[in-house]
Amino acid sequence: MSLVLDPAAQDLLFREARTANAFTDEPVTDEQVQAIYDLVKYGPTAFNQTPLRVVLVRSAEARERLVAHMAEGNQAKTAAAPLVAILAADNEFHEELPSLLPHFPQAKDLFFSERPVRESAAGLNAALQAAYFIVGVRAAGLAAGPMTGYDAAGIQKEFLDDDHTPLMVVNIGKPGEDAWFPRSPRLAYDDVVTTV
């Protein structure tokens, strides 16, 4: 095999990891979430953008408000997960570019002065960061249950503002009993990769 990552780590991050649908009641600590973020913040993005915003839904009152916006099939598992995170894109990310891209501070105005351009860039790069976040959750020995089955406008109004677009809701915790659906198929290399 031509990968340098240890096979056990490959299994933990990819081959054995799946979307969790049930969790134990073991809490997920702020320290764990900070360790996850401090690892995955180094994932590459265009112009070193950092548009991902994470809202940790911890209180019972906030959880109840969130569950009301989830699709019916996602409500029970969201209500029961030890921690739920709303991952969103900050459409005003460009304000941070002068400090995040000190060798090219003019990128803020040169490329991102128009809102539609920022929304497109924020959506793409926050989605990249969300994927890194999910892999980081796995690296912490936890399971992630990312979901897009929800009322986006309701979540935006309830937890965010007009400058933040929800991308997904992620249930996080130690996998519980019967946490996994059977592994679904994946496309083969030859179905995906072409050489020109």
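Up top you'll find the structure we're talking about.
What comes next concerns the included structure. Just so it is clear, the structure is predicted and the values come from calculations on it, not from any experiment.

Another point: the environment of N48. Along the chain, N48 falls in the loop between α2 (30-40) and β1 (52-57). Setting aside residues no more than four positions away along its own chain, N48 makes contact with L100 and L101. For N48, the side chain forms a polar contact with the main-chain oxygen of L100, separated by 2.8 Å.

To continue, consider the packing of helix α3 (residues 60-67) against helix α4 (residues 72-80). One way to put it is that α3 packs onto α4 with a least axis distance of 9 Å and a crossing angle of 170°. Between α3 and α4, the angle falls in the class roughly antiparallel. Here α3 contributes R63, L66 and V67 to the contact with α4, which in turn contributes Q75, T78, A79 and A80. The residue inventory of the contact of α3 with α4, partitioned by class, reads 4 nonpolar, 2 polar and 1 charged.

A few words now on the packing of aromatic side chains. In the structure shown here, the tally under the stated rule is 5 aromatic pairs. Aromatic pair F104 and F111: ring centres 6.0 Å apart, planes at 75°, arrangement edge-to-face. The exposure class assigned to F111 is partly exposed, which follows from its relative accessible area of 38%. Grouping aromatic residues by their ring pairs yields a cluster made of F47, F93, F104, F111 and F112.

Criteria and thresholds
- One numbering rule holds for all chains: residues counted from 1, following each sequence as written.
- Residue-level local features of this predicted model are given only where pLDDT is at least 70; pairs of side-chain atoms are given and counted only at 80 or more, and the full residue set underlies all totals for whole chains, interfaces and linings.
- The side-chain values count all of the structure's non-hydrogen atoms but skip hydrogen atoms and water molecules.
- Note on conventions: DSSP H or I runs of at least 4 residues are helices, E runs of at least 2 residues are strands, and numbering of each starts at the N terminus.
- Any two residues whose heavy atoms approach within 4.5 Å at even a single point are treated as in contact.
- Contacts described as polar in this section are N or O atom pairs within 3.5 Å, which, within protein, must combine one atom able to donate a hydrogen with one able to accept it, while residues neighboring in sequence count only if both atoms come from side chains.
- Only the stretch in contact is used when fitting a helix axis, every axis being a line fitted to C-alpha atoms; angles between N-to-C directions are given from 0 to 180 degrees.
- An angle below 35 degrees is treated as roughly parallel, one above 145 as roughly antiparallel, one from 65 to 115 as roughly perpendicular, and anything else as oblique.
- Charged residues are taken to be Asp, Glu, Lys and Arg, nonpolar residues to be Ala, Val, Leu, Ile, Met, Phe, Trp, Tyr, Cys and Pro, and polar residues to be all remaining types, Gly included.
- Only Phe, Tyr and Trp rings are paired, with Trp represented by its six-membered ring, and only when their centres lie within 6.5 Å; those with planes under 30 degrees apart are stacked, over 60 edge-to-face, the remainder tilted.
- Relative accessibility under 20% of the residue-type maximum defines a buried residue, over 50% an exposed one, and the middle range a partly exposed one, all with a 1.4 Å probe and only protein chains included.

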